[in-house]
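Structural overview
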Amino acid sequence: MEKDLRKILLVEDDEDDFILTRDLLKQAKGGLYELKWVTTFSEAFDALDHYQPDAMLVDYDLGATNGLELVREAVLRGYQVPAVMLTGRGNYDVDLEAMRAGVADYLVKGEVTVQMLDRTLRYAIEQQQAQNDLRRINDELEERVRQRTIELERTNQELQAEARERERISAELSEVQRRLIDSAEAERLHFAQELHDGPMQDIYGAVYQLEILKNQLENKEHKDSLSEIQEILQQVNQALRITAGELRPPALAPYGLEKAFRSHVEHFSHMHPELEIQLDLTADRQRLSERVRLALFRIYQQGMANIIRHASATRVNLKFHFTDGNVILEIEDNGAGFEVPKNWIHLVRSGHLGLVGARERAEAVNGRLEVESQPGVGTLLRAVVPVDDEADVPD
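A short tour of the structure in this document, coming up.

1. Looking at the packing of aromatic side chains
Overall, the coordinates contain eight aromatic pairs when judged by the stated rule. Ring centres of phenylalanine 41 and phenylalanine 45 lie 6.4 Å apart, and the angle between their planes is 75 degrees; on these two criteria the pair is classed as edge-to-face. Here phenylalanine 41 pairs with phenylalanine 45, and both are found in helix H2 (residues 41–50), just four residues apart, close to one helical turn. Residue phenylalanine 41 is classed as partly exposed on the basis of its relative accessible area of 25%. Accessibility expressed as a relative area gives 7% for phenylalanine 45, which makes it buried. On the numbers, 5.4 Å between centres and 75 degrees between planes, the contact of phenylalanine 261 with phenylalanine 320 is edge-to-face. Remark: phenylalanine 320 occurs in strand E9 (residues 315–323) and phenylalanine 261 occurs in helix H9 (residues 257–271); sequence separation between them is 59 residues. Pair check on accessibility: phenylalanine 261 and phenylalanine 320 agree, each one buried. Sitting over the ring of tyrosine 51, lysine 7 keeps its end group 4.6 Å from the ring centre. One Lys or Arg, lysine 36, reaches over the ring of tyrosine 51 and ends 5.9 Å from the middle of that ring.

2. Re empty space enclosed by the protein
A complete count under the given rule lists one cavity of 30 Å³ or more for this structure. A volume near 30 Å³ is recorded for the largest cavity. Along the walls of the largest cavity sit Phe338, Val340, Pro341, Trp344, Leu347 and Val371, which together make up its complete lining. Its residues assigned to classes, the lining of the largest cavity shows six nonpolar, no polar and no charged.

3. Remarks on the side chain of aspartate 333
The residue aspartate 333 is located in strand E10 (residues 326–333) in this model. Of the side chains bearing the opposite charge, arginine 315 lies closest to the buried aspartate 333, which forms no salt bridge; the N-O distance is 8.8 Å. A polar side-chain atom of aspartate 333 sits 2.7 Å from the main-chain amide nitrogen of glycine 335. Beyond its immediate stretch of four places on either side in the chain, aspartate 333 contacts Ile307, Ala311, Ala313, Arg315, Val316, Val377, Gly378 and Thr379.

4. Structural notes on the pattern of salt bridges
Within this structure, the stated rule accounts for 21 salt bridges. A salt bridge links glutamate 165 to arginine 168, with the nearest nitrogen and oxygen atoms 2.3 Å apart. Of this pair, glutamate 165 and arginine 168 both sit in helix H5 (residues 114–197), three residues apart, which is roughly one turn of the helix. Note on arginine 168: relative accessible area 37%, which makes it partly exposed.

5. What to know about the sheet that holds strand E6 (residues 83–87)
Across the sheet, which stays open at both edges, the five strands sit in the order E2-E1-E3-E6-E7 with parallel pairing between neighbours. Single-partner strands in this sheet number two, and they are strand E2 (32–38) and strand E7 (105–108). Recorded for the sheet is a direction-independent mean angle of 25 degrees between the axes of neighbouring strands. Relative to E6, strand E3 (residues 55–59) runs parallel, the two sharing four bridges. Each residue of the ladder has a partner; that of methionine 56, found in E6, is alanine 83. Packing against the sheet, helix H3 (residues 67–76) makes contact with strand E1 (5–11), E3 and E6, and its axis sits at approximately 145 degrees to E3.

What counts, and where the lines are drawn
Residues numbered from 1 in each chain as written. Predicted model: local features only at pLDDT ≥ 70, side-chain atom pairs only at ≥ 80, totals over all residues. Heavy atoms only, no water. Phe/Tyr/Trp six-rings, centres within 6.5 Å; stacked < 30°, edge-to-face > 60°. Helix = DSSP H or I, 4+ residues; strand = E, 2+ residues; numbered from the N terminus. Buried < 20%, exposed > 50% of the residue type's maximum accessible area, 1.4 Å probe, protein only. Lys NZ or Arg CZ within 6 Å of the ring centre and 35° of its normal. 1 Å grid on protein atoms, 1.4 Å probe; cavity = no way out; pocket = protein on both sides within 12 Å on 5 of 7 lines; lining within 4 Å. Points joined across faces, edges and corners; volume = space filled by probe spheres on them. Nonpolar A, V, L, I, M, F, W, Y, C, P; charged D, E, K, R; others polar. Lys, Arg positive; Asp, Glu negative; His and termini not counted. Salt bridge = Lys/Arg side-chain N within 4 Å of Asp/Glu carboxyl O. Polar contact = N/O pair within 3.5 Å; in protein donor to acceptor, adjacent residues only side chain to side chain. Contact = heavy atoms within 4.5 Å. Pairing = 2+ DSSP bridges. Axes fitted to C-alpha atoms, helices over the stretch in contact; angles between N-to-C directions.

Structure below.
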C-alpha cells in the first residue's frame, strides 16, 4: 500500500472543515491518503516546496484572501500540482472562475461525500500525471527536434561547403579548359602564320626562280620538266594555304561566322564533290563574340571532318540560326550513324576524341553539344550557345 500513498495538501483556515476533510479521506477506499493541513499563503507555498503534494484542496475563502489567488500564483510559479477548490458557493460563475484560474475541479462544502472526494482527487492526480507525461514526451520530442535541427544545420553547412568547393573546382577546371583551348587556338594561329611567312613564301620564291630559269632554257623538254615542277610546287602551296585556312579561317574575323561557313563550304565542296551540302544560314553580322564564333566554327569543322571520315554520307544539312536568346548550329547527315553512348567517357576510351573536343568547346562558351544518331539513319550534331548579353539577335 505504501506505493499507492497520495499526499494531499489542504489549504483551509477553518479547523472544523479540516477535521471533516480528514475524516472523509480516512474513509476513502480508492487509495491511501496522507493529509497535510496549512492555513496561510506562505505555509501553502512552503509545503509545495518541501512536502511536494500530489494534489491540493484549497478553500475558496481564506480570510481576507481568495483561494483562487493562491491557485493563480502557484500556476505562475510553475507548480504542477492539481488543485481542487472547496467552496460553499456552488454556482456557474464560481465554476467558470475556478476553471479559468487553473483549478482541476471544485467541490461544494456540505455536499461532499467520501466517494465524491476520492474520485475527484484520483481523477485530478491522474489527469495531472497524464499532462506531465505528455509534457515530458513533448519536451523529449522538442529536444530531439532541436538536436536533429542542429545535425541538419551542420550537415547543410557541410553540404554548402562541399558545393562551394565543387563550384570552385568546376570554375578552375572551366578556366583551365578555356586556357587550353585559347592556347591551342594561339598555337594554330601561330602555325598558320609560320606557314604563310615561311614555307609558302619559300615556295612562291622557288616557283619564281624556276620561271626565270625556264625562260633561259632553249630545250623544250627541259622547259616542260620545270613546268611540271612548278605545278607540283603550286599544288603544295595550295595545300598549305588550305591547311592555314583550316587553322585560322580568313573570313571569320572580318566578315562574321555566316560568311565563314559559306566560304569553307565552297572550298569543301570542291574537295568533296560527291557530297551535297544544303545551307540554311542566318547572318550574324559580327554580333557574336570572337570566342563564340571561333568555338562554333571549330565545332563545324569537326562535324564536317567526322562526316568525311566515318559517315559515308551523300547529303549534309547545315543550319545556323538564333532563337530564344541562343545561337544554334546544326550539322545533319544521312550517313551510317552510330550508337550514341550514355556516357561521353566511352568516346574518350574508344579514341573518338573529336566529338569530346567539340563538346568541350561548346561548354567553354557556356553552351552545350547535343548528338542524336542511330545506326543506319544518320547523325545530327547540335551546338546551343547563349548569345552575349550585349549582342542583338538578328531579325
